[in-house]
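What follows is each chain in one-letter form.
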Amino acid sequence: MALLNPKTETFAEFDPDTRALLRSVVDFFETKGKQALTADAYAAHWYEDWMEFLAESRILAYFATPKAHAGTDAGKRWDTAFISRFNEITGFYGSQYWYAWGVSTLGLATIWQSANSKAHIRAAEELDRGGIIGFGLSEKDHGADIYATDMLLTPDGAGGFTASGSKYYIGNGNVARIVPTIGRRTDLDGPDAYVWFIADSQHPSYRLIKNVIHGQNFVSAYDLADYPVTADDILHTGRKAFDAALAAVNCGKFNIGMVALGIVQHSFYETINHASTKILFGHPVTEFGQVRQILCEAYIRMNAMRLYHERAIDYMRCSSPEDRRFVLFNSIGKMKVTREAERVYRALSDVISAKGFEKDSYFAMARGTIDSMPRLEGTAHVNMALTLKFMANFLFNPATLPPVPVRRDPGDDEALFRQPSAAGLGKVRFADWRAAYEKYRHLPNVAIFIEQAERFTQFAIEAPPTEAQLADLDYQLAVGELFTMLPYGQLILEQATITGTSEDIVEAIFEIFVRDFSTYALGVFGKPSSTAAQQHWALDVIRKPAVDEQLSTRIWEEARGHAGTYEMNP
C-alpha cells in the first residue's frame with residue numbers, strides 16, 4: 001500500500017469536481033505550513049482561516065447536502081466516500097480541523113432525518129454559507145444519557161415552548177447558527193416528553209459559557225435561559241427523538257476511523273524520516289531489529305486499517321432499511337480501527353522518541369488528539385457491546401445476499417436518514433463470512449487464522465458461559481475482541497480482492513492477526529470468572545504464526561521505501 005502522500009495524491013477514484021475539492025483541502029494546509037499549523041495548535045487559536053476556507057470552497061455543502069435539499073446544484077449530495085477522504089486529509093494535518101465537520105455530521109444527520117422542511121432549508125442555506133452545525137446532546141452531570149436530560153421545555157400556550165437548561169461538551173457551540181438540542185417537556189412523562197429542537201448560538205437567550213477543553217476546536221458549555229422554541233424549530237418528538245439520536249451517531253462515528261488513519265500516516269512519515277537519518281552508536285537507527293519490527297508492524301496495521309475502512313464505505317453506501325449490515329461494520333470501524341491507530345502511534349513513539357515531543361512536529365501535536373479517537377461518539381466498550389448483538393447471526397445464520405459493489409460514484413447516501421429504530425438489530429443477516437477467507441486459504445497465516453476462527457465458532461458449545469458471565473460485560477467484552485477479528489478480517493480480504501493487494505501484504509496482516517487472536521484468547525483465559533473449560537479452550541486456540549524471513553525482508557523494504565517521500569511544507 002502506498003500511504004497517503006498529499007503532495008502526489010490524485011484522488012483518481014472520484015469525479016473531477018470532487019478531486020478538485022479534495023485537492024483544495026490539501027492546498028490549504030500545505031500553504032499554511034507546519035510551523036503555522038503547530039503554532040496555532042499550541043496557542044489554541046480558533047481556526048478562523050479554516051472557517052474562511054470552508055465558506056469559500058463550500059466543500060461541506062457539496063458532500064453533506066442530500067440531493068433532496070440541494071436545489072438546482074447537481075453537485076451536492078451526502079457522499080460517504082467523499083466524506084471519508086476529507087476525514088483522512090483533515091486527520092493527516094490535524095484532527096482539530098476535522099472536528100468542526102465531525103460535530104456537524106451529527107447535527108445534520110438529526111436534521112436530515114426530520115420531516116421539518118423549513119429546517120432542511122435552513123441547514124442547506126447554512127452549509128452554502130460555509131457555516132458549521134452543532135449537536136446539543138450531552139450534559140455535564142448526565143453525559144449522553146437522554147433519559148436524564150435537565151434541558152426542560154415548558155409549553156408557552158401558543159404551540160411552542162420556552163427552553164431552559166445547560167448543555168456540556170457540545171462541539172461548535174461558539175459559532176453554529178444551528179445547534180440541534182434535545183430536551184424534555186415539563187407537561188409529559190416518559191418517551192413522549194422528548195424533543196429535538198434547533199437553537200441558535202447568536203440568540204440573546206443562548207448563553208455561551210466556555211470552551212471546556214484547551215484547543216483550537218471549540219467544545220462548548222452553553223445555557224438556554226427561557227429560550228423561545230417555535231414549531232419551526234422542532235425536529236423530532238417522542239420515541240423518534242431517541243431513534244434520531246442513535247441514527248445520527250451511526251453516521252457520525254463512521255468518520256472517525258479515517259481521521260485516525262490520517263493521524264498515524266503523518267506520524268509514520270515523521271518517524272521513518274527521522275529514523276532513517278539518525279545515527280546511534282555508530283549505526284543508522286533502522287538497523288536495529290526492534291525498530292524495523294515496529295516500523296514494519298505499524299505499516300502493516302495501517303494497511304489493514306485502510307483495507308477495512310475502504311470496504312466498509314461500500315456497505316455504508318449500499319445500506320437500506322432492509323440491509324443494515326453497516327451497523328456492525330460501522331461499530332467495528334469506530335472501535336477497532338481507532339484503537340489500532342492508537343496502538344500504532346504508541347509503538348511509533350518508541351522509535352521517534354524525544355523528537356516526537358518537539359513543538360514544531362506533527363507527532364507532538366497528534367499526541368493530544370490520538371487518545372480521543374476511540375472515545376468519541378461512544379467509547380470502544382459501547383461499540384463492542386453493540387457489536388455483540390450481531391454475533392449469533394454473523395457466525396451461525398448466514399443469508400444469501402446480493403454482492404456489495406464498490407461505491408465511489410458521486411451518489412447520494414440518503415438511506416442513512418431513513419434508518420429504522422434501534423430495535424431488532426439481532427435480526428440483521430449477513431452473507432457467509434467464510435467466502436472471503438477461502439480465496440486466501442493457500443497463504444499460511446490466513447490458513448492458521450481460519451483454524452482459529454472455526455474454533456471460535458465452537459467456543460459457546462465447548463466452553464459455554466455461566467449465568468453470571470452472561471451478565472458480566474467485562475467478560476463479554478473479552479469474548480467480543482475475538483469475535484471482532486472475524487468480520488474485520490473478512491472486509492480486509494474483500495477489499496484486498498477488489499484492489500489486487502499483494503499477497504505479501506495479506507500474509508503479513510494475518511501473521512499479526514494470528515498473534516492478536518492468541519493474545520485475546522489469553523485474555524479470556526485470565527478473566528477471574530473463566531471456567532476450566534474456557535481456560536482449556538483458550539490455551540488450545542493459541543497459535544504461533546508462520547514465519548517467513550524472506551517475506552519479512554520484502555515488507556521491510558516496502559515500508560522503508562516511504563522514508564523521505566513526504567515532508568509537510570515548513
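Predicted, not measured: the structure shown is a model, and the values here were computed from it.

> Any details on the overall build of the chain? Residues and values, ideally.
A count of helical and extended segments in the chain gives 21 helices and nine strands. In summary, the chain has a C-alpha radius of gyration of 24 Å against a globular reference of 25 Å for 570 residues, a match within 12%. Based on the C-alpha atoms only, the size of the chain along its principal axes is roughly 75 × 60 × 45 Å. Counting the 570 residues in the chain, one finds 58% classified as buried. Pairs at least 24 apart in sequence give 80% of the contacts found in the chain among residues at least 6 apart. When the accessible area of the chain is evaluated, it comes to approximately 21,600 Å², of which 55% is carbon and sulfur surface.

> Residues and numbers for the pattern of salt bridges, please.
Opposite charge on two side chains permits pairing when their charged atoms draw close. This structure, assessed with the given rule, holds 54 salt bridges. With its nearest N and O atoms 2.9 Å apart, the salt bridge here joins Lys76 to Asp128. In this pair, Lys76 is assigned in the loop between helix H4 (59-64) and helix H5 (80-93) and Asp128 in helix H7 (residues 117-129), connecting sequence segments 52 residues apart. Overall, Asp128 belongs to the partly exposed group, its relative accessible area being 30%. Residues Arg455 and Asp540 are paired through a salt bridge, measuring 2.7 Å at the closest nitrogen-oxygen approach. Highlighted residues: Arg455 in helix H15 (residues 444-457) and Asp540 in helix H20 (residues 532-541), separated in sequence by 85 residues. Taking relative accessible area as the criterion, Asp540 reaches 35% and is therefore assigned partly exposed.

> Let's hear about the environment of Ala109: which residues, and what values?
Within the secondary structure, Ala109 is located in helix H6 (residues 95-112). Those residues within four positions of Ala109 in sequence are excluded, and the remaining contacts are Ala248, Cys251 and Phe417.

> So what's going on with a nonpolar patch on the surface? Which residues, and what values?
Residues Leu522, Leu539 and Ile542 make up a contiguous nonpolar surface patch of roughly 250 Å² in combined accessible area. Of note, Leu539 is situated in helix H20. The class for Leu539 is partly exposed, based on a relative accessible area of 47%.

> I'd like a rundown of the packing of helix H19 (residues 503-525) against H20, residues and numbers included.
Contact geometry for H19 and H20: axes closest at 8 Å, N-to-C directions at 165°. Regarding the angle of H19 to H20, the classification is roughly antiparallel. Between H19 and H20 lies a crossing of left-handed hand. In this structure, H19 contributes Phe517, Ser518, Ala521, Leu522 and Phe525 to the contact, and H20 contributes Gln535, Trp537, Ala538, Leu539 and Val541. Considered class by class, the residues forming the contact of H19 with H20 number eight nonpolar, two polar and no charged.

> Tell me what's going on with the nonpolar core, and back it up with residues and numbers.
Core analysis: the biggest nonpolar cluster contains 174 residues, and Trp50, Trp101, Phe456, Phe513 and Trp537 have the highest contact counts within it. The element best represented in this core is helix H8 (residues 239-277), accounting for 18 residues. Aside from chain neighbours lying at most four places away, what touches Trp101 is Leu60, Phe63, Ala64, Trp78, Ile83, Phe86, Asn87, Leu108 and Asn255. Membership of the second largest hydrophobic core comes to 16 residues, among which are Ala163, Val179, Val195 and Leu224.

> Give me the lowdown on the sheet that holds strand S2 (residues 161-171), citing residues and values where you can.
Read from one edge of the open sheet, seven strands run S5-S6-S2-S1-S3-S4-S7, paired in mixed fashion. The sheet is open, and its two borders are formed by strand S5 (206-211) and strand S7 (234-237), each paired with just one other strand. Here the strands of the sheet are splayed against their neighbours by 25° on average, with no regard to which way each runs. Pairing of strand S4 (residues 194-199) with S7 involves three bridges; the strand directions are antiparallel. Across the sheet, Phe197 pairs through a bridge with Ile234, a residue of S7.

> If you had to explain the packing of aromatic side chains to someone new, which residues and values would you point to?
Counted under the stated rule, the structure contains 44 aromatic pairs. Here Phe63 and Phe82 contribute two aromatic rings whose centre-to-centre distance is 5.2 Å and whose plane-to-plane angle is 75°, an arrangement assigned as edge-to-face. Taken together, the residues Phe63 in helix H4 and Phe82 in helix H5 connect sequence positions 19 residues apart. Of the two residues, Phe63 and Phe82, both sit in the buried class. Here the aromatic rings of Phe449 and Phe513 are separated by 6.2 Å at their centres, their planes lie at 55°, and the arrangement is tilted. Residue Phe449 is found in helix H15, and its partner Phe513 is found in helix H19; the two are separated by 64 residues along the sequence. Across from the ring centre of Phe357, 3.9 Å away, lies the NZ or CZ of Arg367, which sits over that ring.

> Before we move on, could you go through the packing of helix H12 (residues 380-388) against helix H18 (residues 473-499) and cite the residues and values that matter?
A pair of packed helices can be characterised by two numbers: the angle between their axes and the separation between those axes. Remark: H12 packs on H18, axes separated minimally by 9 Å, with the N-to-C direction vectors making an angle of 70°. Here H18 runs roughly perpendicular to H12, going by the angle between their axes. Two secondary-structure elements touch here, H12 through His381, Met384, Ala385, Thr387 and Leu388 and H18 through Leu473, Gln476, Leu477, Gly480, Glu481, Phe483 and Thr484. Among the residues making up the contact of H12 with H18, the classes are represented as six nonpolar, five polar and one charged.

> Before we move on, could you go through the pairing of strand S1 (residues 152-155) and cite the residues and values that matter?
In the sheet, S1 pairs with S2 via four bridges, with the strands oriented antiparallel. The residue bridging Thr154 from the neighbouring strand is Thr162, located in S2. The sheet contact formed by S1 and strand S3 (residues 179-185) spans two bridges and is parallel. Bridging across to S3, Leu152 finds its partner in Arg184.

> Summarise the environment of Cys318; cite the residues concerned and give the values.
Note on placement: Cys318 falls in the loop between helix H9 (289-317) and helix H10 (325-352). Taking the C-alpha atoms as reference points, Cys318 and Ala415, 97 residues apart in sequence, are found 8.4 Å from one another. When near neighbours in sequence (up to four residues on either side) are disregarded, Cys318 contacts Asp323, Val404, Pro405 and Arg407.

> Just give me the short version of the side chain of Asn273, but keep the residues and values in it.
Note on placement: Asn273 falls in helix H8. Polar side-chain contacts of Asn273 include one of 2.7 Å to the backbone nitrogen of Gly564.

> Run through unusual backbone geometry, naming residues and quoting values.
Positive phi is not limited to glycine here, since Ala44 has a value of about 55°. Looking at where Ala44 falls in the secondary structure, it is placed in the loop between helix H2 (34-43) and helix H3 (48-57). Phi at Phe281 takes a positive value of approximately 55°, unusual for a residue other than glycine. Mapped onto the secondary structure, Phe281 falls in the loop between strand S8 (279-280) and strand S9 (283-284).

Definitions and cut-offs
Residues numbered from 1 in each chain as written. Predicted model: local features only at pLDDT ≥ 70, side-chain atom pairs only at ≥ 80, totals over all residues. Heavy atoms only, no water. Helix = DSSP H or I, 4+ residues; strand = E, 2+ residues; numbered from the N terminus. Rg over C-alpha atoms; globule rule 2.2 N^0.38 Å. Buried < 20%, exposed > 50% of the residue type's maximum accessible area, 1.4 Å probe, protein only. Contact = heavy atoms within 4.5 Å. Areas by Shrake-Rupley, 256 points an atom, 1.4 Å probe, with all protein chains shown as cover. Salt bridge = Lys/Arg side-chain N within 4 Å of Asp/Glu carboxyl O. Patch = residues over 30% accessible without salt bridge, like charges linked within 9 Å, V, L, I, M, F, W, Y side chains within 5 Å. Axes fitted to C-alpha atoms, helices over the stretch in contact; angles between N-to-C directions. Parallel < 35°, antiparallel > 145°, perpendicular 65-115°, else oblique. Left-handed = near helix turned anticlockwise from the far one by under 90°. Nonpolar A, V, L, I, M, F, W, Y, C, P; charged D, E, K, R; others polar. Core = buried A, V, L, I, M, F, W, Y, C linked by side-chain atoms within 4.5 Å. Pairing = 2+ DSSP bridges. Phe/Tyr/Trp six-rings, centres within 6.5 Å; stacked < 30°, edge-to-face > 60°. Lys NZ or Arg CZ within 6 Å of the ring centre and 35° of its normal. Polar contact = N/O pair within 3.5 Å; in protein donor to acceptor, adjacent residues only side chain to side chain.

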